[in-house]
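# Breakdown of the fold
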Amino acid sequence: MGERTQGNAHTAFVGEAKAYHRLLAFARKADDEGYGQIAKLFRAVATAEGVHAERHLRLLGEAVIRSTEDNLKYSFDQETTVNQVTYPAFIREAEEEGEPAAVVTFRQARDVEERHAVLYKRALSAMLRDKTHDYHVCQVCGYVAERDPPDRCPVCNAPADAFRLVS
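Residues numbered from 1 in each chain as written. Predicted model: local features only at pLDDT ≥ 70, side-chain atom pairs only at ≥ 80, totals over all residues. Heavy atoms only, no water.

## Side note on the overall build of the chain
Check the secondary structure of the chain and you find 4 helices and 3 strands. When the elements of the chain are put in sequence order from the N terminus, they spell out α-α-α-α-β-β-β. Principal axes of the C-alpha set define a box for the chain whose edges measure 50 × 45 × 40 Å. The buried share of the chain, reckoned over its 167 residues, is 26%. Mean positive and mean negative side-chain charge positions of the chain (22 and 26 charges, respectively) differ by 4 Å. (Helix = DSSP H or I, 4+ residues; strand = E, 2+ residues; numbered from the N terminus. Buried < 20%, exposed > 50% of the residue type's maximum accessible area, 1.4 Å probe, protein only. Lys, Arg positive; Asp, Glu negative; His and termini not counted. Charge placed at Lys NZ, Arg CZ, Asp CG, Glu CD.)

Okay, here's the thing in structure tokens:
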């Protein structure tokens, strides 16, 4: 792929991924305000933006989907790199620039990414048992709890009602 096309595909991916998340946030707000139909529209368009983002990732060669076992191993490696290399650098730079809110956000994300790696590793080792359970995601920092939400989030201290069931 040509350099400019690759850059454009990357820019397009970032834009579509941002739109996906922004629209899901808009849908939650519409639901909260009682506009269910508008929330459905936001979720539908978010889904379309997700399709676009995935297609752009495939163009970039970054969305190669293999076996579930391989995908778990890949995800574990990615989370480990992000929590051990990427976020520590972000934290250091935010501290150097005197950005305390960014430091907190990056630290919490780093800690949650570490948790994600643990979950992937656990899932990989339990894959053959084929047992199912729910996950609950902290809507403040993204911490993922297995089975039931904790009374308080271990990363950001949010209460149990800040967790959303993901099934």
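There is more to say, and it comes next.
## Focus on the packing of helix α3 (residues 68-96) against helix α4 (residues 100-126)
The contact between α3 and α4 brings their axes to 8 Å, and the two run at 160°. Of the possible angle classes, the one that applies to α3 and α4 is roughly antiparallel. The way α3 lies across α4 gives a crossing that is left-handed. Partitioning the contact of α3 with α4 into residue classes produces 16 nonpolar, 4 polar and 9 charged. (Axes fitted to C-alpha atoms, helices over the stretch in contact; angles between N-to-C directions. Parallel < 35°, antiparallel > 145°, perpendicular 65-115°, else oblique. Left-handed = near helix turned anticlockwise from the far one by under 90°. Nonpolar A, V, L, I, M, F, W, Y, C, P; charged D, E, K, R; others polar.)

## Notes on α4
Across its 27 residues, α4 extends 39 Å between first and last C-alpha, which sits within 8% of the 39 Å expected from 1.5 Å per residue. Taken together, the buried positions of α4 are Val103, Gln108, Ala109, Val112, Glu113, Arg115, His116, Ala117 and Leu119. (Expected span 1.5 Å × (residues − 1).)

## Examining α3
The end-to-end C-alpha distance of α3, which contains 29 residues, comes to 40 Å, matching closely the 42 Å that a straight helix rising 1.5 Å per residue would cover. Of all the bends in α3, the greatest, near 40°, is centred on Val82. Turning to α3, its buried residues number three or more, namely Leu72, Glu79, Thr80, Asn83, Tyr87, Ala89, Ile91 and Ala94. The elements touched by buried residues of α3 are α4. Just downstream of α3 lies Gly98, where phi reads positive at about 65°. (Bend = angle between axes of the 7 residues up to and from the residue. Contact = heavy atoms within 4.5 Å.)

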